[in-house]
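# Coordinate inspection notes
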Amino acid sequence: MPLPQEFHDLARRVNNWGRWGADDEIGTLNLITDEVIRAAAAGIRTGRRIPLALPLRRDGVQTGMIPGRVNPLHTMTAINQELFGPHTVATSDDAVTMGLQAATHWDGLTHVSHSGRLYNDRPADSITAHAGATLLGLEKAPPIVSRGVLLDIARVHGTDRLPSGHAVTPEDLDAAEELARTTVRSGDIVLIRTGQIRHYLAGDREAYAFPSPGLSIRTPEWFHARDVAAVANDTLTFEIFPPEIEDLWLPVHALDLVEMGMLQGQNWNLEELSESCAAAGRFTFLLSAMAEPFVGASGAPVAPVAIL
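In this report, the structure presented in the accompanying data block is examined. (Residues numbered from 1 in each chain as written. Predicted model: local features only at pLDDT ≥ 70, side-chain atom pairs only at ≥ 80, totals over all residues. Heavy atoms only, no water.)

### Description of the overall build of the protein
- Looking only at helices and strands, one finds nine helices and 17 strands in the protein.
- Its C-alpha radius of gyration of 20 Å places the protein within 12% of the 19 Å reference for a compact globule of 308 residues.
- Across the 308 residues that make up the protein, the buried fraction comes to 50%.
- Total accessible area on the protein stands at roughly 13,500 Å², and carbon and sulfur atoms take up 54% of it.
- In the protein, which carries 24 positive and 38 negative side-chain charges, the distance between the mean positions of the two groups comes to 6 Å. (Helix = DSSP H or I, 4+ residues; strand = E, 2+ residues; numbered from the N terminus. Rg over C-alpha atoms; globule rule 2.2 N^0.38 Å. Buried < 20%, exposed > 50% of the residue type's maximum accessible area, 1.4 Å probe, protein only. Areas by Shrake-Rupley, 256 points an atom, 1.4 Å probe, with all protein chains shown as cover. Lys, Arg positive; Asp, Glu negative; His and termini not counted. Charge placed at Lys NZ, Arg CZ, Asp CG, Glu CD.)

What follows is the structure, encoded as structure tokens:
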């Protein structure tokens, strides 16, 4: 089914192709300037560090709904091996096989395409079986450190977890911004809490995966207007799933990644952060969230840390 006119109209309004030059491969991460980082660091009050990543484990969030995205399979390759002879120092080593987007991760700019194109009008066939993303790979991303802003949509609605059919709207984002008593500004990384991850933390992987609340197709314009550098949330699918518009699958992915060139993150655990921000009355912090630099990757694991 062809993409509807509504999608193409939105795409034109949020498009950043050429904004940072024809050769640009990092999109809205260009908005994280030295000045943005200095201002973010100046906002640290206590130095408390809150981890936002899920543990990498065999019984992780993946249920098989997304083909090929396997949970981490951890194997010991050496156990107390005396490499240099008897009674010498012994070493243990291990290896892992996993989908790069298996747990807490960033979606790279090549994670989706539409109409044969990637961000900045690059051809989708620049992704190859052997080299992966020959353009726009996540290894091109600079260190991802900026001011983080928690927009706690579940808290706005007075609930621990949004219902599965809730599409997070620009109006929700406005209300969460008001709750946070701040204004999202250029270069910020926005974290959106729905509470959906509570299903997974309670042991129900199926309920976590589907159906799921998530971002509405109307939200990319909100991010574009504020020059947001990246967005992450606490769901498997990022956007509402099943979609708002029948048979229009992953439109928010396409608008964010392809049209805007904006990284998006999934499976971020925002529960402790939510409680800490509410207790402190502050929903902004320094956020460190560097993607693992796998060359040619369309997604990569991340272990983000919020510093209050």
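### So, the environment of Y208
- Here Y208 shows up in helix α6 (residues 205–209).
- When the C-alpha atoms of Y208 and A229 are compared, they prove to be 27 Å apart, with 21 residues separating the residues in sequence.
- Apart from the residues within four sequence positions on either side, Y208 is in contact with V61, Q196, I197, H199, Y200, D234, T235, L236 and N267. (Contact = heavy atoms within 4.5 Å.)

### As for the nonpolar core
- Core analysis: the largest hydrophobic core is formed by 39 residues, its most contacted members being L52, W106, L191, W268, L273 and F285.
- Only β11 (189–193), β13 (230–233), α8 (251–260), α9 (271–280) and β15 (284–288) provide two or more residues apiece to this core.
- Listed in part, the 28 residues of the second largest apolar core include F7, L173, V184 and F238. (Core = buried A, V, L, I, M, F, W, Y, C linked by side-chain atoms within 4.5 Å.)

### Some remarks on the pairing of strand β14 (residues 263–266)
- Covered by surrounding structure in β14 are L263 and G265 together with Q264 and Q266, the residues of both alternating faces.
- Note: strand β4 (residues 105–107) against β14, three bridges, orientation antiparallel. From the neighbouring strand, H105 faces β14, where its bridge partner is Q266.
- Note that β13 and β14 share three bridges and pair parallel. For V231, the partnering residue across the bridge sits in β14 and is Q264.
- Chirality of the crossover, the property in question, places the unit of β13, α8 and β14 among those that are right-handed. (Pairing = 2+ DSSP bridges. Right-handed = clockwise from strand over helix to strand, strands pointing away.)

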